[in-house]
Amino acid sequence: MSSASVAELLSRSVASWCSGATGVADAKRLSGGASQETWSFDIMHPGGVIGAILRRAPPGYGAAPGRAAGLDAEAVLMQLAHDAGVPSPKVLHVLQPADDLGTGFIMQRVAGETIPRKILRDDEFAAARPKLAQQCGEILAGIHGLPASGLPQLRRMDAATEISELQQEIDNFGWPRPVFELALRWLRDHDPGPPERVTLVHGDFRHGNLMIGADGVRAVLDWELAHLGDPMEDLGWICVNSWRFGGIDKPVGGFGAYDDLFTGYETASGIKVDPQRVKFWEVMGTLRWGVMCVGMMQRFRIGPDHSMERAMIGRRSSETEIDLLRLLAPRRS
Amino acid sequence: MQDEPRPDELVKAVADFLRNDIAPQISGHAGFKLRVAINALELVTRQLTDTSETTELESLKTLLGDGGLKELNLRLADRIRSGEIDLATPGVQEHLWQATLAKLKVDQPNYAAYKREAEK
């Protein structure tokens, strides 16, 4: 759909729920595949311009694929998080059939940066960097503390299911992966069993999904992979080396230490972190990202997205293999 | 017999041309895609001159007996899955490290974890 027609539909939509709005301007598509789109636009209002983001599946792309929670669930989660004081964009409107924009929602646009290279290197973020890991711990404590009663319908995940799903995907590769097998074996041997608490898990809490400013984390984005499970999964995922972007000695996102993350979490939640459980999920996350890289290469082969980016991501799976060896079979220096 | 220049020389010449002469003129999304394309050509250049698979095959034969490269890798993967082979099996840890380092040398020689390990 062209920018013009999306802008036209948005103009009509905002008039129905944003009192005083006179139209929209500067509608542009930011990213996303065929089934899910993100648009940025401004709502023109006598009280001042309101920056907004549309996340939607266009008409005809209703159902959420595989692991995704679905856009309706995302909207509910973001609103719950926002109301509970977790940095999260305010949801302005959930799309209705009359909007003719498909399914999805419109949220407040939060200013900031998501590009890891800039967050980890630019002077603008120098003061924020040392505080980010602890802040991430505090935010995760807030997410995991959201009362289960208000949550939308979400899939329930546990370690054993995750391991068997990964094994199945590896079986489908038809290509030998001895290091992935080593990791699967380790995960089976070290499964810590059911967690004491089952909570909401964000599922993709890492660079790219954290809107960061000079003052720290301003918003947690992309709740697409939210589910119910072991809260330590989120702590392990943000420590996966793939999300350190070169800052390999700072395990939390390339900006902080394990202890900073754990202290933030423990202070905010009053719940002690089990570092062994976090390591288990870090290994799981590393393997999962490696499997996803190979999966992208497979989708490149079978199409329809025959892009060289996808092909090249396949050649990043070896990065996770060296990361897995560093975790499971470290060499002396 | 095919004539010279070799494929790796040709691909490298194309990559050099794109990086030095074309990339400075392209910005935005096309610029991003061009960098991915150049990275792909450079990876191909490295793989065309890579000889690590000979060493890897020898190492696999020592561990598992005779066979081809893919066949022996599949056998290794199976035996790790079944638990017949693990990190305590003599030579396995070193084999996995060397095979993985060889992949990174072609795939992502600038990956920080690789650079750290390659120095050891």
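Everything numeric here is computed off the predicted structure, so don't read it as measured data. (Residues numbered from 1 in each chain as written. Chains lettered and ligands numbered in written order. Predicted model: local features only at pLDDT ≥ 70, side-chain atom pairs only at ≥ 80, totals over all residues. Heavy atoms only, no water.)

**Considering the overall build of chain B**
Thought 1: Looking only at helices and strands, chain B has 6 helices and 0 strands in total.
Thought 2: Along chain B, helices and strands appear, N-terminal first, in the series α-α-α-α-α-α.
Thought 3: Its C-alpha radius of gyration of 19 Å places chain B more than 25% over the 14 Å reference for a compact globule of 120 residues.
Thought 4: Overall size of chain B, expressed as C-alpha extent along the three principal axes, is 55 × 40 × 25 Å.
Thought 5: Looking at chain B as a whole, 32% of its 120 residues qualify as buried.
Thought 6: Restricting to contacts in chain B with at least 6 residues of sequence separation, those with at least 24 account for 36%.
Thought 7: Accessible surface, chain B as shown: approximately 7,400 Å² in total, 54% of it carbon and sulfur.
Thought 8: In chain B, which carries 16 positive and 20 negative side-chain charges, the distance between the mean positions of the two groups comes to 6 Å. (Helix = DSSP H or I, 4+ residues; strand = E, 2+ residues; numbered from the N terminus. Rg over C-alpha atoms; globule rule 2.2 N^0.38 Å. Buried < 20%, exposed > 50% of the residue type's maximum accessible area, 1.4 Å probe, protein only. Contact = heavy atoms within 4.5 Å. Areas by Shrake-Rupley, 256 points an atom, 1.4 Å probe, with all protein chains shown as cover. Lys, Arg positive; Asp, Glu negative; His and termini not counted. Charge placed at Lys NZ, Arg CZ, Asp CG, Glu CD.)

**Here's the deal with the nonpolar core**
Residues and elements named next belong to chain A.
Thought 1: In this structure, I143, L200, F205, L235, I238 and L287 are the most contacted members of the largest nonpolar core, which totals 83 residues.
Thought 2: In terms of residues, this core owes the most to one element, helix α9 (residues 275-302), which gives 8 residues.
Thought 3: Beyond its immediate sequence surroundings of up to four residues, I143 is in contact with V86, L200, H202, F205, V220 and W223.
Thought 4: Grouped together as the second largest cluster of nonpolar side chains are 17 residues, A7, L9, I43 and L95 included. (Core = buried A, V, L, I, M, F, W, Y, C linked by side-chain atoms within 4.5 Å.)

**So, the UniProt feature "domain: DUF6285" (unreviewed entry) in chain B**
Thought 1: The UniProt feature table records "domain: DUF6285" (unreviewed entry) at residues 24-111 of chain B.
Thought 2: The span residues 24-111 of chain B carries 73% helix and 0% strand; its end-to-end C-alpha distance comes to 24 Å. (UniProt positions renumbered as here; feature names shortened; annotations may be inferred.)

**What about the layout of surface pockets?**
Thought 1: In this structure, the second largest pocket encloses a volume near 1,000 Å³.
Thought 2: Looking at the lining of the second largest pocket, its residues break down into 18 nonpolar, 10 polar and 10 charged. (1 Å grid on protein atoms, 1.4 Å probe; cavity = no way out; pocket = protein on both sides within 12 Å on 5 of 7 lines; lining within 4 Å. Points joined across faces, edges and corners; volume = space filled by probe spheres on them. Nonpolar A, V, L, I, M, F, W, Y, C, P; charged D, E, K, R; others polar.)

**Things to note about the side chain of A:S317**
Residue and element names in this part refer to chain A.
Thought 1: Residue position: S317 is located in helix α11 (residues 317-328).
Thought 2: Since its relative accessible area comes to 3%, S317 is described here as buried.
Thought 3: Of the polar contacts made by the side chain of S317, one reaches the backbone oxygen of G314; its length is 2.9 Å. (Polar contact = N/O pair within 3.5 Å; in protein donor to acceptor, adjacent residues only side chain to side chain.)

**Some words on unusual backbone geometry**
Thought 1: At the junction of B:E4 and B:P5, the peptide bond is cis and its omega measures out at 5° in the coordinates.
Thought 2: The phi dihedral of A:D26 is positive, around 60°, even though this residue is not glycine.
Thought 3: Relative to the helices and strands, A:D26 is located in strand β1 (residues 23-31).
Thought 4: In this structure, A:F245 takes a positive phi of about 50° despite not being glycine.
Thought 5: Here A:F245 shows up in the loop between α7 (232-237) and α8 (258-269).

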